Amino acid sequence: MDNVYLSADEYIEYTCEQADKIMQMKLGKAYDNYIVYDDEGKETSYTEEGQDIFMEILYAVEQCLADVGIYNEEDKDEQHT
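Since the structure is predicted, the reported quantities are computational estimates derived from the model, not experimental observations. (Residues numbered from 1 in each chain as written. Predicted model: local features only at pLDDT ≥ 70, side-chain atom pairs only at ≥ 80, totals over all residues. Heavy atoms only, no water.)

Chemist: What am I meant to see in the pattern of salt bridges here?
Modeler: The full count for this structure, using the stated rule, is one salt bridge. Here Glu-40 and Lys-42 are joined by a salt bridge, their closest N and O atoms 3.9 Å apart. Both residues of the pair, Glu-40 and Lys-42, belong to the exposed class. (Salt bridge = Lys/Arg side-chain N within 4 Å of Asp/Glu carboxyl O. Buried < 20%, exposed > 50% of the residue type's maximum accessible area, 1.4 Å probe, protein only.)

Chemist: Can you walk me through the packing of aromatic side chains in this structure?
Modeler: Note on aromatic pairs: each is described by the distance of the centres and the angle between the planes. All chains considered together, the criterion is met by two aromatic pairs. Here Tyr-46 and Phe-54 contribute two aromatic rings whose centre-to-centre distance is 5.0 Å and whose plane-to-plane angle is 25 degrees, an arrangement assigned as stacked. Both residues of the pair, Tyr-46 and Phe-54, belong to the buried class. (Phe/Tyr/Trp six-rings, centres within 6.5 Å; stacked < 30°, edge-to-face > 60°.)

Chemist: Would you explain the environment of Ile-22 in this entry?
Modeler: Mapped onto the elements, Ile-22 comes out in helix H1 (residues 8-27). Since its relative accessible area comes to 30%, Ile-22 is described here as partly exposed. For the pair Ile-22 and Leu-58, spaced 36 residues apart in the sequence, the C-alpha separation amounts to 9.1 Å. Excluding its chain neighbours within four sequence positions, the residues that come into contact with Ile-22 are Ile-57 and Val-61. (Helix = DSSP H or I, 4+ residues; strand = E, 2+ residues; numbered from the N terminus. Contact = heavy atoms within 4.5 Å.)

Chemist: Even after reading the chapter, I still don't get the pairing of strand E3 (residues 43-46), so can you show me in this structure?
Modeler: Along any regular strand the residues' side chains alternate between the sheet's two faces. In this structure, strand E2 (residues 35-37) lies alongside E3, joined through three bridges in antiparallel fashion. The partner of Tyr-37 across the bridge, within E3, is Glu-43. Between the end of E2 and the start of E3, which pair antiparallel, lie five residues, with Gly-41 showing a positive phi angle near 85 degrees. (Pairing = 2+ DSSP bridges.)

Chemist: Would you explain H1 in this entry?
Modeler: With 20 residues, H1 should cover 28 Å at 1.5 Å per step; its first-to-last C-alpha distance of 28 Å lies within 8% of that length. Every buried residue of H1 is accounted for by Ala-8, Tyr-11, Thr-15, Ala-19, Asp-20 and Met-23. The arc enclosing the buried residues of H1, seen along the axis, measures out at 150 degrees, which places them on a common side. Exposed residues on H1 whose side chains face more than 90 degrees from its buried face are Asp-9 and Met-25. Packed against the buried residues of H1 are strand E1 (4-6), E3, helix H2 (48-67) and strand E4 (70-72). (Expected span 1.5 Å × (residues − 1). Arc of directions from axis to C-beta.)

Chemist: Teacher, can you tell me more about the nonpolar core here?
Modeler: One recurring pattern in soluble globular proteins is that nonpolar side chains are buried together. In this structure, Ala-19, Met-23, Tyr-31, Tyr-34, Ile-35, Tyr-46, Phe-54, Ile-57, Leu-58 and Val-61 together form the largest nonpolar core, which totals 10 residues. Contributing elements (two or more residues each) for this core: H1 and H2. Each residue touching Met-23, except ones within four places of it in the same chain, is listed here: Tyr-31, Tyr-34, Tyr-46, Gly-50, Ile-53, Phe-54 and Ile-57. (Core = buried A, V, L, I, M, F, W, Y, C linked by side-chain atoms within 4.5 Å.)

Next up, the structure:
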């Protein structure tokens, strides 16, 4: 099966969305403890610890996609076998 290369925007959007969904599933109600909100109550970012958790999950999502041959087109020059 041939590898699939998504545009950088598409790949980043998909992997980040999936990582955030998984983070929400794993943390449940505790998810809110890892979010920073602005004065209007809108999410702005993760706390430092939340960012670490997100990055760990994001790496796993990216690895899962790589396992089935889906990559960021910006990584096309790297050898994926």
